[in-house]
Amino acid sequence: KTVITHYTDGFDFLGFTIKKAKGWTNGGKETVISFPSTKSVNRAVQRVKELTRRNDIFRSSEDVIEALNAFLRGWGNYFRVACAKKALRYVGSRAFMRTWKWLVAKHKLGHGWREIKRRYYRENTWVVNGTKLFTLQSMKVEYPVYAKIGNPYLDKEPVEEPHHRDPLGYNSWKGQREYGEDWTPNKKKAIKTTE
């Protein structure tokens, strides 16, 4: 199934939105960017909601925070290789607020959100008996950098021919055939006639 879209609209692939846009650091030149798609962010928020449902207040606070941490670390590690700083901040803040509301419901304090903050708010996150909620927005984003291949007609150095890198160490195809000493014009003629 294929779809044709304009390059400024972009497309979604494996949870990422890939599109062309004006860059901020290169003087406004168009560049290809990738970031978590809206669907991926919404699914992450939905998963956070499922892990912090109010009818699960019988679970221990440590278990809920550890389950959230496992999800947040996995989601963040998958998307941190793109322009994902805003998405990480958004999902992380939603996890923070949902955990806050879940703790209020767990302790049956009604509107006692200030009391929960006084008890468990440490180091800009929730800490319950030594179990700390992972701060997703503190995860380091690694922006992908792609090597630029120079144009052979504009640069003086020739561009390297594309080739298949063989991980097993066997001879790989280099774009041209290499013939040994037993090569004869008869073989060459036979190949030409079969083509």
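Residues numbered from 1 in each chain as written. Predicted model: local features only at pLDDT ≥ 70, side-chain atom pairs only at ≥ 80, totals over all residues. Heavy atoms only, no water.

**Student:** Help me understand the confidence of the model for the protein chain in this model?
**Tutor:** A low pLDDT means the predicted coordinates there should not be read in detail. With 71% of its residues at a pLDDT of at least 70, the protein chain reaches an overall mean of 77. Here helix α5 (residues 185-194) stands out as the element of the protein chain with the lowest mean pLDDT, 49, in contrast to helix α1 (residues 38-51), whose mean of 93 is the highest. Ignoring residues within four places in sequence, the model shows residues 166-176, a span with pLDDT below 50, making 6 contacts including any to other chains. Across residues 187-191, where pLDDT falls below 50, the model places 3 contacts with residues more than four positions away in sequence or in other chains. (pLDDT = per-residue confidence, 0-100. Helix = DSSP H or I, 4+ residues; strand = E, 2+ residues; numbered from the N terminus. Contact = heavy atoms within 4.5 Å.)

**Student:** Would you explain the packing of helix α3 (residues 85-106) against helix α4 (residues 113-120) in this entry?
**Tutor:** Interaxial distance between α3 and α4 falls to 9 Å at its minimum, and their mutual angle equals 105 degrees. Regarding the angle of α3 to α4, the classification is roughly perpendicular. For the pair α3 and α4, the contacting residues are Trp100, Leu103 and Val104 in the first and Trp113, Ile116, Lys117 and Tyr120 in the second. Here the contact of α3 with α4 is built from residues that sort into 6 nonpolar, no polar and 1 charged. (Axes fitted to C-alpha atoms, helices over the stretch in contact; angles between N-to-C directions. Parallel < 35°, antiparallel > 145°, perpendicular 65-115°, else oblique. Nonpolar A, V, L, I, M, F, W, Y, C, P; charged D, E, K, R; others polar.)

**Student:** Honestly, the pairing of strand β2 (residues 16-22) in this entry has me stumped. Any pointers?
**Tutor:** Successive side chains on a regular strand alternate, one facing one side of the sheet and the next facing the other. With 3 bridges connecting them, strand β1 (residues 11-13) and β2 associate as antiparallel partners. From the neighbouring strand, phenylalanine 13 faces β2, where its bridge partner is phenylalanine 16. The hairpin formed by β1 and β2 contains 2 residues between the paired strands, and leucine 14 there has a positive phi angle of roughly 55 degrees. Of the pairings in the sheet, the one linking β2 to strand β3 (residues 30-36) comprises 7 bridges and is antiparallel in character. Its bridge partner being in β3, lysine 20 is matched across the sheet by valine 32. (Pairing = 2+ DSSP bridges.)

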